[in-house]
Amino acid sequence: MQKEIMVQVKEPFAGEFRKGYPLVAKEAVADQELLKIEGQVMKLTDVHGRFIAKAYYGEQNKGLGWVLTRDEEEIIDQAFFERKLATSFERRADFFEDTETTAFRVFHGEGDGIGGLTIDYYDGFYLLSWYSAGIYAFKKMIVAALKNTAEFKGVYEKKRFDTKGQYMEDDDFVTGERGEFPIIVKENSMNFAVYLNDGAMTGIFLDQREVRRQIRDHYAYEKTVLNTFSYTGAFSVAAALGGAMKTTSVDLAKRSSAKTIEQFSVNALDYENQEIRVMDVFNYFDYAKKNELKFDMVILDPPSFARSKKYTFSAAKDYTKLMKDAIAITSNKGMIVASTNNGSFGMKKFKEMIDKAFQEHGKRYMIVEEYRLPRDFHINRMFKEGDYLKVLFIRLK
Ligand code: SAH
């Protein structure tokens, strides 16, 4: 390992780190020229040279690295990572016991004490996601720590640290045995086909587990359901299993159709009774309005940013408009499930954007349920952006 380098932190930031703020932002560091080797351990000090914390240098869109410990004596070695993993596994002991759910997050970045690293469990396999070359520099130690903490069939990884923070195409296998994909994981007894060796995404977003269950158990029965930005159709599957009259899944990615058929099929649902459309959601809204289609439930779970041929969408700017489109095709007393994974704004602003859409429509509504990240996505209370997921179940009046 490289030796630790002293890095001075500017004044207002020092206090934040002392309270537990985990991200080393670009603005916090006085002399960025010092930082040359990704993965190097930085000893952060205040302007008087007093120790604040140890962090690692790893450039990510979010900053220059993450705090690892506020204990000056603590050494960043394999034992350090083993202690972190032991705590995070302990926190999820009940998830490992639950036979109806076999996919969940076991390590959630800064929430579990190491920003830039997440670990997900998929029925005997672990998936490591690295968000910077800096954290990737600790790979050997972290994989060894995982071996000493958990039993597994195999380990895969996603490298998400090219210059744009995007996924880097790779074989993705790390150690253990290779899986035969898809593997079928369970989530509250629903089945999902998962691929750990096939691009950036696995087929399911684990953070929506509670929302899927709620749709299945309480809202879908005998309803017509429109699932927009549907990806592999996970919400449609939940709705169909909950007895929906019909689901319509809309996503513009060509692969989404085969992927959605697969998710229906592994749940013994006949996909021919469902509608799957490969098209731009915004074109679909126009089509639905023209044909006076109405749905009992509309699910909105867009990416934070999206660019298609005709439209760009940014959740922070355009959610009101998206919501207005949804309101226009939701039946009286129908339900809209509005979700965003954008951490740059909070629940208050999200509710304001939604309220504005109803104001402009002159319609009344009631928020009947709110969801945030589930407990396995353990958050750091000092780091608001990490608490990104916001989901509202909205009843039209
Ligand atoms: N709701 C999904 C996850 C959505 S991921 C789930 O719960 O699993 C975002 C998806 O939006 C991607 O599959 C992407 O192809 C799709 N997408 C982005 N822009 C779109 C657009 N304008 N129209 C339709 N789909 C879009």
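Counting from 1, residues in each chain are numbered in the order their sequence is written. For a predicted model such as this one, the threshold for reporting local features is a pLDDT of at least 70, and the threshold for listing and counting side-chain atom pairs is 80 or more; totals across whole chains, interfaces and linings nevertheless cover every residue. Hydrogens and water are ignored here; the side-chain numbers use all heavy atoms of the structure.

1. Quick notes on the packing of helix 10 (residues 315-328) against helix 11 (residues 347-361)
Link 1 in the chain: Here an angle of 0 to 180 degrees is reported between the N-to-C directions of two axes, which are lines fitted to C-alpha atoms, with helices fitted over the stretch in contact. Helix numbers and strand numbers start at the N terminus; a helix is a DSSP run of H or I with at least 4 residues, a strand a run of E with at least 2. Closest axis-to-axis distance for the helix 10/helix 11 pair is 8 Å, and the angle between their directions is 40°. As far as their axial angle goes, helix 11 and helix 10 are oblique. As for how helix 10 packs across helix 11, the hand of that crossing is right-handed. Taking contact as the criterion, the partners of A315, A316, Y319, T320, M323, K324, I327 and A328 in helix 10 are, on helix 11, K349, F350, M353, I354, K356, A357, F358, E360 and H361.
Link 2 in the chain: Only Asp, Glu, Lys and Arg are considered charged in this grouping, and only Ala, Val, Leu, Ile, Met, Phe, Trp, Tyr, Cys and Pro are considered nonpolar; every other residue, Gly among them, is considered polar. Looking at the contact of helix 10 with helix 11 residue by residue, the classes come out as 11 nonpolar, two polar and four charged. For classification purposes, angles smaller than 35 degrees are called roughly parallel, those larger than 145 roughly antiparallel, those between 65 and 115 roughly perpendicular, and all remaining angles oblique. Should the near helix be turned anticlockwise from the far one by less than a right angle, the crossing is left-handed, and should it be turned clockwise, the crossing is right-handed. Contacts are assigned to residue pairs that have any heavy atoms within 4.5 Å of one another.

2. Quick word on the sheet that holds strand 1 (residues 5-8)
Link 1 in the chain: A pair of strands counts as paired when DSSP detects no fewer than two bridges linking them. Strand order across the open sheet formed by five strands is 1-3-4-5-2, with mixed pairing between neighbours. This sheet does not close on itself; its edge strands, each paired only once, are strand 1 and strand 2 (23-24).
Link 2 in the chain: Direction of pairing for strand 2 relative to strand 5 (residues 63-69): antiparallel, over a ladder of two bridges. Following the sheet pairing, L23 is matched in strand 5 by W66.
Link 3 in the chain: Lying on the sheet, helix 1 (residues 11-19) is in contact with strand 2, strand 3 (41-45), strand 4 (51-60) and strand 5; it crosses strand 4 at an angle near 100°.

3. Side note on the pairing of strand 8 (residues 125-130)
Link 1 in the chain: A simple rule labels every residue: compare its accessible area, found with a 1.4 Å probe on the protein chains alone, to the largest value its type can have, and call it buried under 20%, exposed over 50%, or partly exposed in between. Most of strand 8 is tucked away, with six of its six residues classed as buried.
Link 2 in the chain: Both faces of strand 8 are covered, namely the face carrying F125, L127 and S129 and the face carrying Y126, L128 and W130.
Link 3 in the chain: Two strands pair when backbone bridges link them, and strand 7 (residues 117-122) and strand 8 are joined in this way by six bridges, in the antiparallel orientation. Residue pairing for strand 8: Y121 is matched across the bridge by Y126.
Link 4 in the chain: What sits between the antiparallel neighbours strand 7 and strand 8 is a turn of two residues, in which D123 has the positive phi angle 45°.
Link 5 in the chain: As paired strands, strand 8 and strand 9 (residues 154-159) are joined by six bridges and run parallel to one another. Counted as the bridge partner of Y126 is V155 from strand 9.

4. Description of the side chain of T202
Link 1 in the chain: On the secondary structure map, T202 appears in the loop between strand 12 (190-194) and helix 6 (209-219).
Link 2 in the chain: On the accessibility criterion, T202 (8% relative accessible area) is buried.
Link 3 in the chain: Here Y122 takes part through its side chain, which lies 3.1 Å from a polar atom of the side chain of T202.
Link 4 in the chain: Within the structure, the side chain of T202 is placed 3.3 Å from the backbone oxygen of I204, a separation counted as a polar contact. Distance and chemistry together define a polar contact, namely a pair of N or O atoms within 3.5 Å, with one atom able to donate a hydrogen and the other to accept it when in protein, and with adjacent residues in sequence counting only for side-chain atoms on both sides.

5. Brief notes about the sheet that holds strand 14 (residues 246-251)
Link 1 in the chain: A sheet is described by the order of its strands in space; here seven strands give the open sequence 15-14-13-16-19-21-20, paired in mixed fashion. If you trace the sheet from one side to the other, it starts and ends with strand 15 (275-278) and strand 20 (365-371), each paired once. Recorded for the sheet is a direction-independent mean angle of 15° between the axes of neighbouring strands.
Link 2 in the chain: In terms of strand pairing, strand 14 meets strand 15 through four bridges, oriented parallel. Across the sheet, the residue bridging to D251 is V278, located in strand 15.
Link 3 in the chain: Packing against the sheet, helix 10 makes contact with strand 16 (295-300), strand 19 (330-340) and strand 21 (390-396), and its axis sits at approximately 160° to strand 19.
Link 4 in the chain: Sheet contacts for helix 11: strand 19, strand 20 and strand 21; angle to strand 21, the most-contacted strand, approximately 30°.

6. A word on the packing of helix 2 (residues 78-91) against helix 5 (residues 139-149)
To describe two helices that pack against each other, one gives the angle between their axes and the distance between the axes.
Link 1 in the chain: Where helix 2 contacts helix 5, the two axes come as close as 8 Å, and the packing angle between them is 50°. Between helix 2 and helix 5, the interaxial angle falls into the category oblique. For the crossing formed where helix 2 meets helix 5, the hand is right-handed. For the pair helix 2 and helix 5, the contacting residues are Q78, F81, E82, L85, A86 and F89 in the first and M141, I142, A144, A145, L146, N148 and T149 in the second.
Link 2 in the chain: Across the contact of helix 2 with helix 5, the residue classes tally to nine nonpolar, three polar and one charged.

7. Concerning the packing of aromatic side chains
Link 1 in the chain: For Phe, Tyr and Trp, rings pair up if their centres lie within 6.5 Å, where Trp contributes its six-membered ring, and each pair is then called stacked (planes under 30 degrees apart), edge-to-face (over 60) or tilted (otherwise). Scanning all chains against the criterion turns up 33 aromatic pairs.
Link 2 in the chain: The interplanar angle of 55° and the centroid separation of 5.5 Å between the aromatic rings of F81 and F138 together place this pair among those described as tilted. Of this pair, F81 sits in helix 2 while F138 sits in the loop between helix 4 (133-136) and helix 5, and the two are 57 residues apart along the sequence.
Link 3 in the chain: Considering the side-chain rings of F104 and Y121, the 5.1 Å spacing of their centres and the 35° angle between planes classify their relative orientation as tilted. Of this pair, F104 sits in strand 6 (residues 103-108) while Y121 sits in strand 7; the two residues are 17 residues apart in sequence, bridging distant segments of the chain. In this structure, F104 and Y121 share a single accessibility class: buried.
Link 4 in the chain: These aromatic residues form a ring-pair network of at least three members: F229, F282, F285, Y311, F313, Y319, F345 and F350.
Link 5 in the chain: When the ring centre of Y195 is taken as reference, the NZ or CZ atom of K259 above it lies at 3.9 Å.
Link 6 in the chain: We call a charge positioned above a ring when the Lys NZ or Arg CZ atom is no farther than 6 Å from the ring centre and deviates by at most 35 degrees from the ring normal. Here the basic side chain of K390 rests over the ring of F345, its NZ or CZ set 4.9 Å away from the ring centre.

8. A few points about helix 11
Side chains three or four residues apart in an α-helix point the same way, a direct result of the helix having 3.6 residues per turn.
Link 1 in the chain: A helix is expected to span 1.5 Å for every residue after the first. In this model helix 11 runs 21 Å from its N-terminal to its C-terminal C-alpha over 15 residues, within 8% of the 21 Å that 1.5 Å per residue would give.
Link 2 in the chain: Listed as buried for helix 11 are M347, F350, M353, I354, A357 and F358. For helix 11, the angular spread of the buried residues around the axis is 135°, confining them to a single face. Projecting away from the buried face of helix 11 at angles above 90 degrees are the exposed residues K348 and Q359.
Link 3 in the chain: Where helix 11 is buried, its residues meet helix 10, strand 19, strand 20 and strand 21.
Link 4 in the chain: A positive backbone phi angle near 65° is found at G362, which sits one or two residues after helix 11. The arc in question is traced by the directions running from the helix axis to the C-beta atoms.

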